[in-house]
Amino acid sequence: MEFRHLGRSGLMVSEISYGNWLTHGSQVEEDAAKQCVQAALDEGITTFDTADVYAGTKAEAVLGRALKGVRRESLEIFTKVYWPTGSGPNDRGLSRKHITESINASLRRLQTDYVDLYQAHRFDFETPLEETLKTFDDLVRQGKVLYVGVSEWTADQIAQALEIADEMGFDRIVSNQPQYSMLWRVIEPEIVPLSEREGVGQIVWSPIAQGVLTGKYLPGQQPPAGSRATDPGGSAMISRFMDDEVLTRVQELRPIAADLGLSMAQLAVAWVLQNPNVASAIVGATRPEQVRDNVKAVGVKLDADVLKRIDDALGPIVERDPAKTASPKSRP
Ligand SMILES: NC(=O)c1ccc[n+]([C@@H]2O[C@H](COP(=O)([O-])OP(=O)(O)OC[C@H]3O[C@@H](n4cnc5c(N)ncnc54)[C@H](OP(=O)(O)O)[C@@H]3O)[C@@H](O)[C@H]2O)c1
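The rules behind these values
- Residues numbered from 1 in each chain as written.
- Predicted model: local features only at pLDDT ≥ 70, side-chain atom pairs only at ≥ 80, totals over all residues.
- Heavy atoms only, no water.
- Helix = DSSP H or I, 4+ residues; strand = E, 2+ residues; numbered from the N terminus.
- Buried < 20%, exposed > 50% of the residue type's maximum accessible area, 1.4 Å probe, protein only.
- Near = heavy atom within 4 Å.
- Polar contact = N/O pair within 3.5 Å; in protein donor to acceptor, adjacent residues only side chain to side chain.
- Areas by Shrake-Rupley, 256 points an atom, 1.4 Å probe, with all protein chains shown as cover.
- Core = buried A, V, L, I, M, F, W, Y, C linked by side-chain atoms within 4.5 Å.
- Contact = heavy atoms within 4.5 Å.

A. Summary view of the side chain of S181. With respect to the secondary-structure elements, S181 resides in the loop between β8 (173–177) and α6 (191–198). For S181, a relative accessible area of 0% translates into the label buried.

B. Seen up close, the site of the ligand. In the vicinity of the ligand there are 34 residues, among which D49, S206, K216, R228 and T286 approach most closely. In this structure, an oxygen atom belonging to the ligand sits 3.1 Å away from a main-chain N or O atom of N20. Taking A209, its main chain carries an N or O atom lying 3.4 Å from an oxygen atom of the ligand. Bound to the protein, the ligand loses 96% of the 920 Å² it would expose on its own. Counting residues per element, the ones that place at least two in the shell around the ligand are β10 (278–283) and α11 (288–294). Ranked by residues supplied to the shell around the ligand, first place goes to α11 with 3 residues.

C. Geometry of the nonpolar core. By size, the foremost hydrophobic cluster in this structure holds 92 residues, and its most contacted members are W153, L183 and L253. With 9 residues, helix α10 (residues 264–273) is the single largest residue contributor to this core. Ignoring sequence-local partners within four residues, the contact set of L253 consists of M182, L213, M264, L267, I310, A313 and L314.

D. How the structure looks around helix α2 (residues 58–66). Summarising burial for α2: 7 of the 9 residues are buried, a large majority. Among all positions in α2, only A59, E60, A61, V62, L63, G64 and A66 are buried. Residues of α2 that are buried make contact with α1 (30–42), β4 (47–49), β5 (76–81) and α3 (96–110).

E. A look at the environment of L253. Structurally, L253 can be placed in the loop between α8 (244–251) and α9 (254–260). Residue classification places L253 among the buried positions, given a relative accessible area of 1%. Separated by 40 residues in sequence, L253 and L213 place their C-alpha atoms 8.6 Å apart.

Functional significance is not addressed by these values, which are geometric in nature.
The structure is reproduced here in structure tokens:
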């Protein structure tokens with residue numbers, strides 16, 4: 001494993017993180033979840049990402065059990081707040097009330113006294129930004145949270161938060177968690193340049209486009225049994241990529257990976273790690289073999305010729321529009 005700084009902070013994270021969205025407490029049974037976490041630890045992954053909302057709060061509890069007994073100082077545990085965790089109007093968003101209640105519940109489920117990184121899972125247009133940032137700052141002072149970050153915020157929203165933090169002396173955001181892959185590059189025009197200037201690192205999600213960039217989904221054919229595309233909880237999420245043109249062009253990456261002696265998943269993970277603003281790529285897995293496959297992307301260098309072959313293969317299906325970074329206009 002190799003490690004990178006999280007933004008301009010002193011915190012080191014493993015270049016590959018393990019995330020449990022749609023898997024723990026949902027698509028996979030607890031035994032499989034534990035085997036994946038063990039494979040991640042065996043491969044040197046130290047950074048684990050979850051959220052209060054995953055599997056209706058069950059995912060944090062599964063991760064807490066799977067990491068039990070591991071030396072706390074050897075781990076970086078990340079979680080998030082924003083999406084609903086209950087039916088009430090205060091069971092969501094980034095108000096002082098919900099953040100305070102949610103972190104306490106997350107810490108209980110994760111069986112830890114603190115999380116290394118606490119992330120605002122989306123931007124909340126219904127809470128003053130000062131209220132959210134002051135609450136985050138309070139959590140840092142209470143020792144419940146070591147660093148704060150955001151997820152899927154626009155460049156303007158991140159810039160505004162940094163300005164307020166600097167004016168008020170609040171703890172600064174050190175990270176952003178956006179979707180980023182060969183197929184989804186919407187952070188490149190605005191978010192990455194701002195983040196480089198401001199010392200914000202990207203912890204990127206779905207680097208394999210939820211499994212699509214492994215090449216296992218073939219155009220015109222049924223998805224393989226047991227894959228996310230066949231899972232009742234996951235199929236809606238992956239549907240944006242389940243298009244014959246996308247799947248056909250993805251197959252054109254196969255010879256590029258083969259020439260480098262990489263699996264397609266490794267090529268996909270290596271691709272996001274070429275961006276120096278990326279601190280870590282969060283991979284998901286339903287089986288331990290997937291974790292072992294994906295971590296081999298660490299240390300792989302892709303030269304300009306390879307990057308050009310990838311761009312030529314994917315052509316117009318790559319999404320680059322920065323306007324695709326968006327949070328709900330009102331709380332979900
Ligand atoms: N902040 C946010 O809003 C947000 C949103 C989404 C995700 N995330 C974070 O990012 C993490 C990763 O997201 P993701 O799960 O979509 O990432 P991903 O790594 O792009 O996709 C993971 C899925 O692809 C399949 N897969 C992975 N490696 C494979 C391999 N080597 N061979 C074949 N199939 C393979 C597995 O699904 P199957 O076996 O079922 O096919 C696995 O569950 C999440 O757990 C979460 O922590 C954050």
